[in-house]
Amino acid sequence: MGDIVVFTGSAHHELAEEICSDLGVELAPTNITRFSNDCIQVQLRQNCRQRDVYIVQPLVSPVQDNLVELLLMLDAARGASAAQITAVIPHYAYARSDKKDAPRISIGGRLVADLIATAGADRVLTMALHAPQVHGFFSVPVDHLSAIDEIAMHYKHTDLSNTVVVSPDLGNAKTATRFARILGVPVAAGSKQRLADDKVVIDAIVGDVEGKDVIVLDDEIATGGSVVELLDALKRHGVRRVSLACTHGLFTGKAIERLSARPDIAEVVTTNTVPQGDHYGLPNLEVRSIAPLFADAISRIHRGESVSSLLSDVVTTG
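Each value, and the rule that gives it
- Residues numbered from 1 in each chain as written.
- Predicted model: local features only at pLDDT ≥ 70, side-chain atom pairs only at ≥ 80, totals over all residues.
- Heavy atoms only, no water.
- Helix = DSSP H or I, 4+ residues; strand = E, 2+ residues; numbered from the N terminus.
- Rg over C-alpha atoms; globule rule 2.2 N^0.38 Å.
- Buried < 20%, exposed > 50% of the residue type's maximum accessible area, 1.4 Å probe, protein only.
- Contact = heavy atoms within 4.5 Å.
- Expected span 1.5 Å × (residues − 1).

The secondary structure content of the chain amounts to eight helices and 14 strands. Relative to the compact-globule value of 20 Å for 318 residues, the chain shows a C-alpha radius of gyration of 20 Å, a close match. Counting only C-alpha atoms, the chain reaches 60 × 45 × 35 Å along its principal axes. Looking at the chain as a whole, 52% of its 318 residues qualify as buried. Pairs at least 24 apart in sequence give 66% of the contacts found in the chain among residues at least 6 apart.

Here it is, written out as structure tokens:
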């Protein structure tokens, strides 16, 4: 790892430190300055010339500030003659803007992908994109990791004899099916219609959940609107214990209020792709670390080895 350099911005310093610890390297210093006119300046304070540079920066709130930091760090690394630059983006927030489903709207997922490549990224390393097609928005190679093996480890030593994995919608059913196979349990799915960013309707449950313990698996929990609607539908079907699991625990808007008000939620299992702070006031939150997975992927990329065993079902490059 002697020729590897890892930098990070303001988004998630703890995750970058943990990745570096697993890699056995020191996190390189970065100086980020905000001027009086609100412009941001970035200085990478370690030699990058002909070295393998990795910039760790999830796109989390404040998303626009963290995105600009990432772009500036990529540009600085390119200007410092780095041999290869990889943008490590554990959470790619703009993956939700993946289609033109209304007149005169932007496709932010593609635009931000173009910005990242233009700024200097030779490769992108990310996890659990909200929509599989976003993988194709990038003009540089993308390694798209999955956290479901790590999340499954939480359940491996529990009694799963009466358990069903439930996907909130049919679009996530493929991932939920893979997760259910890892655990050796059946799978079901909700039939969901999204009315607004925080409002959905689930009009049916596809699969047998009556009298079952369920693990609700999704790629992310943002406002919690989908989860609450699904819980109401599951309750009508007579489920017993409910566990929520997701890769990206964003918990935005009224999510904490909504989830805390549900006594039928036994636990919430997520990862540290985004900062979890003081667990957002959720006493039943379990946070699994994906730092070893990213460190393994970085190590393999650096050595020119295959990372296919770490990738999600939707990846084709790497």
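So, about helix H2 (residues 63-79). An α-helix turns once per 3.6 residues; consequently, residues spaced three or four apart project the same way. Over its 17 residues, H2 runs 24 Å from end to end, which matches the ideal 24 Å to within 8%, given 1.5 Å per residue. For H2, the full list of buried residues reads Val63, Asn66, Leu67, Glu69, Leu70, Leu71, Met73, Leu74 and Ala77. Those residues of H2 that are buried are in contact with strand E1 (4-8), strand E2 (30-34), strand E3 (40-44), strand E4 (52-56), strand E5 (84-89) and helix H3 (108-119). The first or second residue beyond H2 is Ser81, which carries a positive phi of 65°.

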